[in-house]
Amino acid sequence: MIHALNIVWNPSEGIDLGFFMIRYYSLMFVIAFGLGWYIMKQIFERENEPIDKLDSLFIWTVLATLIGARLGHVLFYDWEYYRNHISEIFLPFRFSPNFEFTGYQGLASHGAAIAIIIAMYYYSKKILKRPLLWILDRVVIPVASGAIFVRLGNFFNSEITGNETDSIFGIRFLHEYFSKNDAVNKTQIANPKDAYTAIATDPKFTDLLAQVPVKHPAQLYEGFCYIFVFAILYYLYWKTNASQKPGFLFGLFLVLLFVVRFIVEFVKGSQGGFENELGLFSTGQWLSIPFIIVGAYFMIRANKKALKS
């Protein structure tokens, strides 16, 4: 049997500029949105659409992604907590038992997908003056590229990890297992960064390191697969007549992306939600099934219309 390599994931929080810390998770979002804007600029130029309409598309997509992803996590995965802490849904603070800055812990791709579709409906009717499927067939290309960087951000944050494994791909996610306070208390090293490094490299703390389970890097599996989702959509748009079949690229995006999500969920750790009530599948898998069905419907519908025309 091939056993896991002794890979310990102990990343820094980000790029320290002295006066400001650029966190890797935030940087991945910036890259995702920036690349998305560039790809849509190419598409708008090809379609002879005014570039000035791109700015409003960018704003609507960013807002829909962040708000939808946040609400998706709250409603689908952790409503039992947030229904009693309504203020924490949109405020990055915890007020009880003590005031604490928490950031936004929890973003769900299913919620982002729903919100983007809603935002594109408004954008297509009020701003672009094009059919909804026209913009959906095109915006899914940069969305697919953005999904790659979001999962890289999850990897840097040591979140959405997989199940324990002894496969060669396994990784010890140090920051997921030990909080900063845990690392400091167990090593008696005041600086959390130094404490983590000591656990990862100092033979004196071998026993602590051995406590950290080896897990599948589910974020990397998912992000790697999304590269192919993006490449397929990009190729079909630029090299074939797929964009002339309204709804086909949108449907293909839903099928490919959420099939990937469904499969990777088999090695992903539980994210909570309603999976205990329904059983069989995880919450992420149950949420992916409707998107796959809807995507298949739009693909079949687009091909039927193309045959009739």
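Calculation rules
Residues numbered from 1 in each chain as written. Predicted model: local features only at pLDDT ≥ 70, side-chain atom pairs only at ≥ 80, totals over all residues. Heavy atoms only, no water. Helix = DSSP H or I, 4+ residues; strand = E, 2+ residues; numbered from the N terminus. Polar contact = N/O pair within 3.5 Å; in protein donor to acceptor, adjacent residues only side chain to side chain. Contact = heavy atoms within 4.5 Å. Pairing = 2+ DSSP bridges. Buried < 20%, exposed > 50% of the residue type's maximum accessible area, 1.4 Å probe, protein only. Patch = residues over 30% accessible without salt bridge, like charges linked within 9 Å, V, L, I, M, F, W, Y side chains within 5 Å. Areas by Shrake-Rupley, 256 points an atom, 1.4 Å probe, with all protein chains shown as cover. Salt bridge = Lys/Arg side-chain N within 4 Å of Asp/Glu carboxyl O.

> I'm lost on the side chain of Asn 154 in this one. Help?
Looking at the element boundaries, Asn 154 is found in helix α5 (residues 132–156). Of the polar contacts made by the side chain of Asn 154, one reaches the side chain of Glu 159; its length is 2.8 Å. Once residues lying within four places of it in the same chain are set aside, the contact partners of Asn 154 are Tyr 25, Glu 159, Ile 160 and Gln 219.

> Got a minute to help me understand the sheet that holds strand β7 (residues 214–215) in this structure?
The mixed open sheet is built from three strands, whose spatial order is β1-β6-β7. On the outer flanks of this sheet lie β1 (8–9) and β7, each paired with one strand and no other. Both β1 and strand β6 (residues 171–173) contribute to a ladder of two bridges, which runs parallel. Paired with Val 8 across the bridge in β6 is Arg 172.

> Can you walk me through the environment of Pro 213 in this structure?
Within the secondary structure, Pro 213 is located in the loop between α9 (206–211) and β7. Assessed through its relative accessible area of 17%, Pro 213 is described here as buried.

> Is there a simple way to think about a nonpolar patch on the surface in this case?
On the surface, a cluster of nonpolar side chains totalling about 1,100 Å² of accessible area is made up of Leu 35, Trp 37, Tyr 38, Phe 58, Ile 59, Leu 63, Ile 67, Leu 71, Leu 75, Trp 79, Ile 86 and Phe 90. Within the residue set of the nonpolar patch, elements represented by two or more residues are α1 (24–46) and α2 (52–77). No other element matches α2, which puts six residues into the nonpolar patch. Mapped onto the elements of the fold, Trp 79 is located in helix α3 (residues 79–82).

> In this structure, what is going on with the pattern of salt bridges? I would like to understand it.
Pairs can form between side chains of opposite charge whenever their charged atoms are close. Evaluated as defined, the whole model comprises ten salt bridges. Ionic pairing is found between Arg 130 and Glu 49, a salt bridge with its closest N-O pair at 2.7 Å. Of this pair, Arg 130 sits in the loop between α4 (109–128) and α5 while Glu 49 sits in the loop between α1 and α2; the two residues are 81 residues apart in sequence, bridging distant segments of the chain. With a relative accessible area of 10%, Glu 49 lands in the buried category. As a salt-bridge pair, Lys 268 and Glu 265 come within 3.3 Å of each other at their nearest N and O atoms. Residues Lys 268 and Glu 265 agree in their burial class; the two are buried. Put simply, Arg 151, Glu 222, Arg 261, Glu 265 and Lys 268 are held in one network by salt bridges that share partners.

Geometric values such as these leave the question of function open.
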